[in-house]
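Architecture and fold: a report
The lines below spell out each chain.
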Amino acid sequence: MKWITRSHVHVDRVACPWLISRFIDSTAEFLFVPKNQIDKVAQESGAIPFDAPGVELGHHEGRCSFESIILKYDLKEPGLLRLAKIVHAADVGADIDQDPLARGLEAIASGYSLRFPDDLENLRHQFEVYDALYAWCRLDVAGA
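The sections below set out a description of the structure shown in this document.

**A short note on the sheet that holds strand 1 (residues 2-6)**
Reading across the sheet, the 3 strands line up as 2-1-3 and stay open at both edges, with parallel pairing between neighbours. Edge positions in the sheet fall to strand 2 (29-33) and strand 3 (48-49), since each has one partner strand and no second. Where strand 1 and strand 2 come together, 5 bridges link them in parallel fashion. Paired with Ile-4 across the strands is Leu-31, a residue of strand 2.

As structure tokens, this is what we get:
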């Protein structure tokens, strides 16, 4: 399937493709376009929009897009839910201090954006960060 979001990825727009690729659609293709082109390109390509204004898989009722995707696809693995708390706090400015790891994840996202301004290249590099953070989250919730 094709998935589409806004260009210039940051926390949620990296975390969501990671989540989609790892738990929903292992052959996902991601498109990144300016915000004002999402509806048009989604209709033309059949891509599923996420983390964009007014889309189902976006920010709703205090959730970030990562959390909306978890809810839609009924993902309940405890390590993933722990990761969702970190992503939420790192992505939602008002909630940045709700998780002790959020400021670090936000700083990492900013650094990767500076190093890799191409969205797909940025994803390729940051997926390793999310794989490692997810592994830590699984350990954290296991109480080890």
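After that view, the rundown keeps rolling.
**Quick look at helix 4 (residues 78-91)**
With 14 residues, helix 4 extends 20 Å between its outermost C-alpha atoms, agreeing within 8% with the 20 Å of an ideal straight helix rising 1.5 Å per residue. A large share of helix 4 lies buried, amounting to 10 of its 14 residues. Those residues of helix 4 that are buried lie in contact with helix 1 (11-24), helix 3 (65-72), helix 5 (102-115) and helix 6 (119-142). Looking at where helix 4 begins, the residue whose side-chain oxygen comes 3.1 Å from the main-chain nitrogen of Gly-79 is Glu-77.

**With respect to the pairing of strand 1**
In the classification by handedness, the crossover that spans strand 1, the intervening helix 1 and the parallel strand 2 is right-handed. Direction of pairing for strand 1 relative to strand 3: parallel, over a ladder of 2 bridges. Opposite Ile-4, over in strand 3, you have Pro-49 as the bridge partner.

**Here's the deal with the pattern of salt bridges**
Applying the stated criterion across every chain yields a total of 11 salt bridges. Ionic pairing is found between Asp-97 and Arg-103, a salt bridge with its closest N-O pair at 2.8 Å. Each of Arg-6, Arg-13 and Asp-51 takes part in one network of salt bridges that share partners.

**Thoughts on unusual backbone geometry**
Phi at His-8 is positive, roughly 65°, even though this residue is not glycine. Mapped onto the elements of the fold, His-8 is located in the loop between strand 1 and helix 1.

**Describing the packing of aromatic side chains**
One pass over the full model with this rule turns up 7 aromatic pairs. Grouped by ring-pair contacts, the aromatic residues Trp-18, Phe-23, Tyr-130 and Tyr-134 constitute a single cluster.

**Quick word on the nonpolar core**
Trp-18, Phe-66, Leu-80, Leu-83, Val-87 and Tyr-130 are the most contacted members of the largest nonpolar core, which totals 37 residues. Listing elements by their share of this core, those giving two or more residues are helix 1, strand 2, helix 3, helix 4, helix 5 and helix 6. If near-sequence neighbours (up to four positions away) are discounted, Phe-66 is found in contact with Asp-12, Ala-15, Cys-16, Trp-18, Leu-19, Leu-80, Leu-83, Ala-84 and Val-87. In terms of nonpolar packing, the next biggest core, distinct from the first, is built from 8 residues, Ala-42, Ala-47, Ala-52 and Val-55 among them.

The rules behind the values
Residues numbered from 1 in each chain as written. Predicted model: local features only at pLDDT ≥ 70, side-chain atom pairs only at ≥ 80, totals over all residues. Heavy atoms only, no water. Pairing = 2+ DSSP bridges. Helix = DSSP H or I, 4+ residues; strand = E, 2+ residues; numbered from the N terminus. Expected span 1.5 Å × (residues − 1). Buried < 20%, exposed > 50% of the residue type's maximum accessible area, 1.4 Å probe, protein only. Contact = heavy atoms within 4.5 Å. Polar contact = N/O pair within 3.5 Å; in protein donor to acceptor, adjacent residues only side chain to side chain. Right-handed = clockwise from strand over helix to strand, strands pointing away. Salt bridge = Lys/Arg side-chain N within 4 Å of Asp/Glu carboxyl O. Phe/Tyr/Trp six-rings, centres within 6.5 Å; stacked < 30°, edge-to-face > 60°. Core = buried A, V, L, I, M, F, W, Y, C linked by side-chain atoms within 4.5 Å.

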